[in-house]
Amino acid sequence: MYELHPQLKQDTIRIGEFELSEVLLMNDMRYPWLILVPKRENKAEIYQLTEQEQQRLSIESSFVSKAMSVLFSADKMNIAALGNMVEQLHIHHIARFKTDATWPKPVWGIGQAEPYSEMAKNAMLSQLIQALGNYLV
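Basis of the calculations
- Residues numbered from 1 in each chain as written.
- Predicted model: local features only at pLDDT ≥ 70, side-chain atom pairs only at ≥ 80, totals over all residues.
- Heavy atoms only, no water.
- Helix = DSSP H or I, 4+ residues; strand = E, 2+ residues; numbered from the N terminus.
- Polar contact = N/O pair within 3.5 Å; in protein donor to acceptor, adjacent residues only side chain to side chain.
- Contact = heavy atoms within 4.5 Å.
- Salt bridge = Lys/Arg side-chain N within 4 Å of Asp/Glu carboxyl O.
- Buried < 20%, exposed > 50% of the residue type's maximum accessible area, 1.4 Å probe, protein only.

### Description of the side chain of His 92
Mapped onto the secondary structure, His 92 falls in strand S5 (residues 91-96). Polar contacts involving the side chain of His 92 include one to the side chain of His 90, which spans 3.2 Å. If we ignore the near neighbours within four places in the chain, the residues touching His 92 are Trp 33, Leu 34, Ile 35, Asn 78, Ile 79, Ala 80 and Trp 108.

Written out as structure tokens, the structure reads:
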């Protein structure tokens, strides 16, 4: 049975789910940052999904990337499935800007996360739910 990794539970805010993936907001207001987690047990790599699941993940990831790029007017979308710290398969989608604090470097390991205030969290969730609404189940 699928269960979200404890570290992802701790670091994120649940938005909802797509057909295949759970949709999470990284609790770090420095970057618009969503994570897709395929709702499959014991998967660490994309190739471990069935071919149909791989295609669904690609569709969901592309949808999230485009929606975030448009919503936030991102200069670049960073998409990554690292898994070095959390083995459970998850795909990061980070809207990047030439003006952000770590540009052009990766966001990992630089600075400390800045959790959303309640008001900022609610505003972000409202924007994201509206942008992703057609795909959320």
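Next, the rest of the story.
### A few points about the pattern of salt bridges
A complete count under the given rule lists 8 salt bridges for this structure. Between Glu 17 and Lys 39 there is a salt bridge, with the nearest N and O atoms lying 2.9 Å from each other. With a gap of 22 residues between them, Glu 17 in strand S1 (residues 12-17) and Lys 39 in the loop between strand S3 (33-38) and helix H2 (51-72) connect regions that are remote in the sequence. The class of Glu 17 is partly exposed, set by a relative accessible area of 25%. Among the residues examined, Lys 39 registers a relative accessible area of 19% and is labelled buried. Shared partners join several salt bridges into a network, and the residues in it are Arg 14, Glu 17, Glu 22 and Lys 39.

### Side note on unusual backbone geometry
Residue Pro 104 is bonded to the preceding Trp 103 through a cis peptide linkage, with omega at 0°. Phi at Asn 42 is positive, roughly 55°, even though this residue is not glycine. With respect to the helices and strands, the residue Asn 42 is situated in the loop between S3 and H2. Phi at Ser 73 takes a positive value of approximately 50°, unusual for a residue other than glycine. With respect to the helices and strands, Ser 73 occurs in the loop between H2 and strand S4 (76-80).

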